[in-house]
Structure formats: structure tokens, C-alpha cells
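# An overview of the molecular structure
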Amino acid sequence: MLLDSKTAVISGAASARGIGLATARLFAEHGARVAILDLDQAAARATAESLGRGHIGLACNVADRDACQRAAEAAIAAFGQIDILINNAGISQPLKLMEIGSAQWDAVLDVNLRGVLYLSQAFVPHMRTRRRGSIACMSSVSAQRGGGIFGGPHYSAAKAGVLGLAKAMARELGPDGVRVNCVTPGLIQTDITGGKLTDEMRSEILKGIPLNRLGDARDVAGAYLFLASDLSAYITGAVIDVNGGMLIHG
Ligand code: NAD
């Protein structure tokens with residue numbers, strides 16, 4: 001039990017095949033009480049109930065500063081303390097450069113990047129007061145290799161922004177006892193691709209993956225668990241690849 005008596009908030013965790021829910025399940029298996037945050041209140045609550053007793057579900061659009069504040073207040077009131085924040089919520093769009101309009105840019109940047117800022121800001125005062133906390137943020141291999149998997153250039157930009165934001169947060173919050181790290185998954189089999197990933201695209205992508213399979217949501221959940229737990233107590237500002245070897249750094 002790596003998270004015994006710990007509490008965790010996970011954004012974007014109500015999607016049935018998603019990384020957020022797989023993470024919530026793994027955290028609950030390791031003893032944590034979990035707050036599921038997602039767009040739809042009923043879905044968030046039902047998902048929390050599916051984990052067992054003691055978990056909660058809250059509506060929260062991470063791109064809305066007030067909604068993040070309300071969710072943080074509700075989670076802190078319910079659990080008394082928050083030890084772990086997983087900034088997982090995200091959306092993707094398979095657009096080419098010249099297809100990106102201002103609405104698409106705003107939507108993708110707002111959820112993937114602005115959301116990390118707003119939700120972190122909502123929990124940082126609490127974590128600073130307690131002088132402890134672990135924040136893990138969702139980036140993507142798309143940020144490191146310049147897309148080319150599924151999301152468009154705006155998605156790569158947003159996820160690269162997450163890397164910079166998280167590293168700066170790690171530097172600023174380290175003296176307060178709060179750690180901040182990122183995960184950079186490769187292609188994980190969830191519903192984010194909205195059925196637009198064809199078998200042909202899949203087999204083409206597989207050729208570039210040394211472990212010869214696409215990732216499962218639970219593969220990423222394991223990395224989040226490591227970053228959330230005290231196993232990573234001396235790790236901050238780090239980026240953990242979960243990509244089957246799709247990108248191996250020099
Ligand atoms: P998913 O679509 O199953 O999950 C995304 C979740 O985020 C959903 O539950 C959705 O309702 C929620 N969400 C969307 N907008 C939101 C908002 N404004 N506020 C709160 N919640 C919101 O997809 P997933 O693959 O599990 O994605 C989880 C994260 O992993 C995303 O940030 C995604 O960009 C990232 N990621 C995914 C892959 C992959 O291959 N699946 C690879 C790298 C990174």
C-alpha cells in the first residue's frame with residue numbers, strides 16, 4: 001500500500017477507458033481516498049462510487065478558475081487534507097497546422113495548459129501551509145517529438161507548455177516541500193482519439209515502438225503512482241516517459 005492514509009485529486013478521471021480513472025483505481029487499491037474531477041457532476045459522482053466507499057466526485061471544468069477554486073474547497077472540506085494532485089484532464093484534435101483556428105487553439109490550450117495552472121493554483125496554498133504535496137502533470141510524447149502521433153501542433157504546443165510550467169512550479173514550490181513532476185505518455189489506448197485512429201495508423205505507429213504494443217491506461221497510472229508516492233520523495237521537476245521506447249532520448 002503506497003498511498004495509505006493519503007488523499008488524491010485527479011482531474012479528467014470520469015472517462016471509462018481513460019488514464020484518469022485507471023489512476024484513480026490504482027490509487028484506491030493503494031489505500032488513497034480519491035476525488036474524481038470531471039466536466040459532468042453525475043459522471044464524476046458515479047465514477048467515485050464505483051471505486052468503493054470514501055471517494056468523492058466533483059464537477060470541475062479545469063479551464064474555469066472559479067470552478068477549480070470551488071472544487072478545491074469541496075475536496076479539502078471533504079478530506080481535511082490533500083496530499084496529491086494529478087493534473088490529468090486533456091483534449092486532443094488531429095488537425096494540421098493550417099487547419100487550426102482561434103477556437104481550436106483556445107480549446108486545446110485552455111484545457112491542457114491553462115487548466116494545469118488554474119487547478120494547481122487552487123491547491124498550492126493548502127499544500128504550502130502543510131509544507132507537503134505531490135503534483136503530477138500530464139504532458140505527452142507529442143511535446144517532445146513535435147506531434148506526429150495523433151494531436152495537432154496546438155496539442156504539442158500545449159503539452160510542451162505543461163513541461164515548462166511544471167518545471168517552473170517545481171523550482172518555486174520545492175522550498176515549500178511540494179514536488180511537481182510530469183509524465184509523457186506515447187500512444188495509450190483510450191477514447192481521446194474519438195475513434196479517429198485507424199488500424200492502418202495503429203500498425204504504422206507500432207513499427208516505431210520497441211516494446212511492440214500500444215500503452216494501456218494502467219501503464220500511465222503506474223508512473224503517476226510512483227510520482228504520487230514517497231518512493232519519489234527526492235524527485236521533482238522530472239519528466240517520466242511512458243512510451244514503450246517510442247522516443248528514447250540521447
Ligand atoms: P480521455 O478522453 O479518456 O480522458 C480525458 C478526460 O478529461 C475525460 O474524462 C474528459 O471528460 C476530461 N476533460 C476534458 N475536458 C475537461 C475539462 N475542461 N475539465 C475537466 N475535465 C475535462 O483521454 P485520456 O487518453 O485518458 O487522456 C488523459 C490525459 O492524457 C489527457 O491530458 C491527454 O492529453 C493525455 N495523453 C493521452 C495520451 C493517449 O494516447 N491517450 C497520450 C499522451 C497524453
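These lines cover the structure that appears in this document, whether it is placed above or below. Within every chain, residues take consecutive numbers counted from 1 along the sequence as written. The predicted nature of this model means local features are confined to residues of pLDDT at least 70 and side-chain atom pairs, given and counted, to a pLDDT of 80 or more, with totals for whole chains, interfaces and linings taken over all residues. In computing side-chain properties, one takes all heavy atoms of the structure into account and sets aside hydrogens as well as water.

Here we come to unusual backbone geometry. Residue Arg131 is not a glycine yet carries a positive backbone phi of 55°. Counting from the N terminus, the helices are DSSP H or I runs at least four residues long and the strands are E runs at least two residues long. By the element assignment, Arg131 lies in the loop between α4 (102-130) and β5 (133-138). Residues other than glycine seldom take positive phi values, yet Asn212 does so here, at roughly 60°. For Asn212, the location among the structural elements is in the loop between α7 (199-206) and α8 (217-228).

Our focus in this paragraph is the side chain of Lys159. Tracing the backbone shows Lys159 in helix α6 (residues 153-173). Any two residues having at least one pair of non-hydrogen atoms within 4.5 Å are treated as being in contact. Those residues in contact with Lys159 that lie beyond four places of it in its chain are Asn112, Met138, Ser139, Ser140 and Ala143.

With respect to the helices and strands, the residue Asn112 is situated in helix α4. In terms of polar contacts, Asn112 uses its side chain to reach the backbone carbonyl oxygen of Val108, at 2.8 Å. N or O atoms closer than or at 3.5 Å make up a polar contact, with two conditions inside protein: a donor-capable atom paired with an acceptor-capable one, and, for residues adjacent in sequence, both atoms drawn from side chains. A polar side-chain atom of Asn112 sits 3.0 Å from a polar atom in the side chain of Lys159. Beyond its immediate chain neighbours, meaning those up to four positions away, Asn112 contacts Ala89, Gly90, Ile91, Tyr155, Ala158, Lys159 and Val162.

Take Leu51: it is sitting in the loop between α2 (41-50) and β3 (56-59). Placed 30 residues apart in sequence, Leu51 and Leu21 show a C-alpha to C-alpha distance of 9.3 Å. Residue contacts for Leu51: discarding those within four places in its chain leaves Leu21, Ala24, Arg25, Val34 and Ile36.

As used here, the term nonpolar core means buried Ala, Val, Leu, Ile, Met, Phe, Trp, Tyr and Cys residues forming a set that is joined through side-chain atoms within 4.5 Å. Only protein chains enter the accessibility calculation, which uses a 1.4 Å probe; a residue whose area is less than 20% of its type maximum is buried, one above 50% is exposed, and one in between is partly exposed. Counting residues in each nonpolar core, the largest one holds 34 residues, and the members touching the most others are Val9, Leu37, Leu119, Phe123, Ile135, Cys137 and Val180. Ranked by residues supplied to this core, first place goes to α4 with 8 residues. Counting 32 residues, the second largest nonpolar core, distinct from the first, contains Leu3, Ala44, Ala48 and Ala228.

On to the site of the ligand, then. The cutoff for a nearby residue is simple: one of its non-hydrogen atoms must lie within 4 Å of the molecule or strand. Taken together, 27 residues are adjacent to the ligand, and Ser15, Ile19, Asp38, Tyr155 and Thr190 come closest. Ile19 is positioned with one of its backbone polar atoms (N or O) 2.8 Å from an oxygen atom of the ligand. Residue Gly186 places a main-chain N or O atom 3.4 Å away from an oxygen atom belonging to the ligand. With the chains in place, 91% of the 820 Å² that the ligand exposes on its own is no longer accessible. Every element with two or more residues in the shell around the ligand is listed here: α4 and α6. Residues belonging to the shell around the ligand are distributed by class as follows: 14 nonpolar, 11 polar and 2 charged. The method behind every accessible area is Shrake-Rupley, applied with a 1.4 Å probe, and residues are considered shielded solely by the protein chains displayed. Any residue outside Ala, Val, Leu, Ile, Met, Phe, Trp, Tyr, Cys, Pro, Asp, Glu, Lys and Arg is labelled polar, Gly included; the first ten of those are nonpolar and the last four are charged.

With respect to burial, strand β6 (residues 178-185) is a largely interior element, 8 of its 8 residues being buried. Of the two faces of β6, both are covered, the one formed by Val178, Val180, Cys182 and Thr184 as well as the one formed by Arg179, Asn181, Val183 and Pro185. Paired strands, in this sense, are two strands between which DSSP finds at least two bridges. Bridging between β6 and strand β7 (residues 239-242) involves 4 bridges; their strand directions are parallel. If you follow Cys182 over to β7, its bridge partner there is Val239.

Read these as spatial facts, not as claims about activity.
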